[in-house]
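Topology and contacts: notes
These are the residues of each chain, in order.
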Amino acid sequence: MFDWVGAMQCSKCRREAVVLQRYSGLHLCRDHFIADLEAKAKREIRQKRMIVSGDVIAVALSGGKDSSALLRFLTRTFGERRDVSILALTVDEGIAGYRHPEQAHQIAEACGVPWHCVTFQEIAGTTTDRIVEMRGDALSCTYCGVIRRHCLNTAARDLGATKLAMGMNLDDEAQSVLMNVLRGDAERLIRRPAPLPGVVRRIKPFAGVPEREVALYAHLTIGRFEEASCPYAHNALRSDVRAILNEYAWRHPATKYALKNLGDQVPEICNAGEADLQVCPECGEPFSGVCRSCQLIREARGG
Ligand code: SF4
């Protein structure tokens, strides 16, 4: 039983509910909840044309609940398809006591997909802990986020992946839109990234599923998760935005969907075209102006 409901009956059958969706007013039992979540993710995949015949999907698997739930969902949905293949890809950022690649390995094995692991050390020549030692922890998430993105793209491309599946959920999407608003970043609000050679397209099948429902899905389809939190998480602007948004959405339950829709619709309404990006000849990452990935990796190595 998830902690939102007492002994309530499912709105669609007579079984006991495991969740109350405040934005829809529905109580759902285990089976109707799983069916509802999977229908939402399939709709997102269809609407954004995320997966096509011949795709090799690399799932970015941290071993946490979001990415593990995504791997479970994708193998349940596409595992039998002969024209789509799935693999799991873990990035070890080098944060002592936080990242445990072995946990990701076990989940990949349980889902029956091949597992690959790359480290910051082997691709960028440093670790997040070492960056914090050298530069302090105020910008830890800036370095870590950019380098992880670089590692994921490099490894996915080397493995022949055509799509890189990320476990971002509705809360992440709504937070990103709100962060762009709070930073006054009109460019990011109105333009979509253009497809570039060498850059594996990212897909986010859970973009329309609330974080707490992804957690419940992981719990019901995989089991209990012991998740440590990153010791540097307090530095992310995102944690402030998450707190503001959760507090507001408690009183206005459809807010996260409203923000996601805003992020989806503004580029279409503005019709401003795709972001003007190039591919960096040094690292293969997209950039505009100066390659931020190369710049931060150089700084992180002490250059
Ligand atoms: Fe990296 Fe920041 Fe995430 Fe920690 S919270 S893993 S430092 S991006």
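The structure this text deals with has already been given above.
What this report covers is the structure whose coordinates are included nearby. Everything quoted here is computed from the prediction, not taken from an experiment. (Residues numbered from 1 in each chain as written. Predicted model: local features only at pLDDT ≥ 70, side-chain atom pairs only at ≥ 80, totals over all residues. Heavy atoms only, no water.)

1. Notes on the overall build of the protein chain
Rules: Under the DSSP-based scheme used, a helix requires at least four consecutive residues in state H or I and a strand at least two consecutive residues in state E, with every element numbered from the N terminus. In this setup the radius of gyration rests on C-alpha atoms only. A globule is expected at 2.2 Å times the number of residues raised to 0.38. In this analysis, two residues are considered to be in contact whenever any of their non-hydrogen atoms come within 4.5 Å of each other. Every accessible area reported is derived by Shrake-Rupley at a probe size of 1.4 Å, with residue values counting cover from the shown protein chains alone.
When helices and strands are tallied, the protein chain shows 12 helices and 11 strands. Taken over C-alpha atoms, the radius of gyration comes to 20 Å for the protein chain, in line with the 19 Å a tight globule of 303 residues would show. Counting only C-alpha atoms and orienting by the principal axes, one finds that the protein chain spans roughly 65 × 45 × 40 Å. For the protein chain, the proportion of contacts with a sequence separation of at least 24, taken over those separated by at least 6, is 73%. Entry remark: accessible area of the protein chain is about 15,400 Å², with carbon and sulfur atoms responsible for 51%.

2. Re the sheet that holds strand β6 (residues 163-165)
Formally: One bridge is not enough; two strands pair if DSSP finds at least two bridges between them. Every axis in this analysis is a line fitted to C-alpha atoms, fitted for helices over the stretch in contact. Angles between the N-to-C directions lie between 0 and 180 degrees.
The sheet built from 5 strands is open, its strands ordered β5-β4-β3-β6-β8 with parallel pairing. Edge positions in the open sheet fall to β5 (115-119) and β8 (201-203), since each of these has one partner strand only. Across the sheet, the mean angle separating the axes of adjacent strands is 30 degrees when strand polarity is ignored. Where strand β3 (residues 56-60) meets β6, 3 bridges bridge the pair, whose relative direction is parallel. Directly across from Val59, in β6, lies its bridge partner Ala165. Along the sheet, helix α2 (residues 65-78) makes contact with β3, β4 (85-92) and β6, crossing β3 at roughly 155 degrees. Together, β3, β4, β5, β6 and β8 form the strand contacts of helix α6 (residues 140-158), whose direction differs from that of β4 by roughly 145 degrees.

3. With respect to the nonpolar core
What counts here: Residues enter a nonpolar core if they are buried and are Ala, Val, Leu, Ile, Met, Phe, Trp, Tyr or Cys, with the set joined through side-chain atoms within 4.5 Å. A simple rule labels every residue: compare its accessible area, found with a 1.4 Å probe on the protein chains alone, to the largest value its type can have, and call it buried under 20%, exposed over 50%, or partly exposed in between.
Judged by nonpolar contacts, the single largest core of 36 residues is most densely connected at Phe33, Ile51, Leu71, Leu74 and Phe206. Sorting the residues of this core by element identifies α1 (30-47), β3, α2, β4, α3 (101-111) and α9 (211-221) as the ones contributing at least two each. Top contributing element to this core by residue count: α2, with 6 residues. Counting 25 residues, the second-largest nonpolar core is a separate cluster that includes Leu87, Val146, Ala155 and Val200.

4. A closer look at the packing of aromatic side chains
Rules: Each aromatic pair joins two rings of Phe, Tyr and Trp (for Trp, the six-membered one) with centres within 6.5 Å, and gets the label stacked for planes under 30 degrees apart, edge-to-face for over 60, and tilted for any other angle.
One pass over the structure, following the stated rule, counts 3 aromatic pairs. Ring plane angle 45 degrees and centroid distance 5.6 Å describe the contact between Phe73 and Phe206, whose orientation is recorded as tilted. Residue Phe73 is located in helix α2, and its partner Phe206 is located in the loop between β8 and α9; the two are separated by 133 residues in the primary sequence. A relative accessible area of 0% means that Phe206 is categorised as buried. On the basis of an interplanar angle of 80 degrees and a centroid distance of 6.3 Å, the ring pair of Phe206 and Tyr217 is categorised as edge-to-face. Pair noted here: Phe206 is in the loop between β8 and α9 and Tyr217 is in helix α9, with a separation of 11 residues, a long-range link. Of the two residues, Phe206 and Tyr217, both sit in the buried class.

5. Considering the side chain of Lys256
What counts here: What qualifies as a polar contact is a pair of N or O atoms within 3.5 Å, subject to a donor-acceptor requirement within protein and to the restriction that residues adjacent in sequence count only when both atoms come from side chains.
Summarising the element assignment, Lys256 is placed in helix α11 (residues 255-270). Among the polar contacts made by the side chain of Lys256, one reaches the side chain of Asp171 at a distance of 2.8 Å. Within the local environment of Lys256, its side chain forms a polar contact with the side chain of Asn246, the two groups lying 2.8 Å apart. If we skip the residues at most four places from it in the chain, Lys256 touches Leu170, Asp171, Ala174, Leu245, Asn246 and Ala249.

6. A look at the state of the cysteines
Any covalent bond linking the sulfur atoms of two cysteines counts as a disulfide. What counts, and what does not: Note on terminology: disulfide denotes any pair of cysteine sulfur atoms within 2.5 Å.
Scanning the model with the defined rule gives 0 disulfides in all. A disulfide-free cysteine, Cys117 has its sulfur positioned 10 Å from the sulfur of Cys151, the nearest such atom.

7. A word on the site of the ligand
Heads up, the condition is: Think of it this way: one heavy atom of a residue within 4 Å of a molecule or strand is enough to make that residue near it. All amino acids are sorted into three groups, where Ala, Val, Leu, Ile, Met, Phe, Trp, Tyr, Cys and Pro are nonpolar, Asp, Glu, Lys and Arg are charged, and the leftover types, Gly among them, are polar.
Close contacts around the ligand come from Ile95, Tyr98, Cys141, Cys144, Arg148, Cys230, Tyr232 and Ala233, and that covers them all. Counted by class, the shell around the ligand contains 7 nonpolar, no polar and 1 charged residues.

8. Structural notes on the packing of helix α7 (residues 170-183) against helix α10 (residues 237-251)
Note the cut-off: Roughly parallel covers angles under 35 degrees, roughly antiparallel covers those over 145, roughly perpendicular covers 65 to 115, and oblique covers all other angles.
Remark: α7 packs on α10, axes separated minimally by 9 Å, with the N-to-C direction vectors making an angle of 105 degrees. Regarding the angle of α7 to α10, the classification is roughly perpendicular. Only Leu237, Arg238, Val241, Arg242, Leu245 and Asn246 of α10 make contact with α7, whose side of the interface consists of Asp171, Asp172, Ala174, Gln175, Ser176, Leu178, Met179, Leu182 and Arg183. When its residues are assigned to classes, the contact of α7 with α10 shows 7 nonpolar, 3 polar and 5 charged.

9. Description of α10
As a reminder, the rule being used: One fewer than the residue count of a helix, multiplied by 1.5 Å, yields its expected span. What the arc measures is the spread of directions leading from the helix axis to the C-beta atoms.
Taking 1.5 Å of rise per residue, 15 residues should cover 21 Å, and α10 covers 23 Å from first to last C-alpha, within 8% of that figure. Taken as a whole, α10 has its buried residues at Val241, Leu245 and Ala249. The arc that holds the buried residues of α10, viewed along the axis, is 60 degrees, so those residues lie on one side. Those residues of α10 that are exposed and aimed more than 90 degrees away from the buried face are Ile244 and Trp250. For α10, the secondary structure elements touched by its buried residues are α7 and α11.

Limitation: the analysis is restricted to geometry and does not speak to function.
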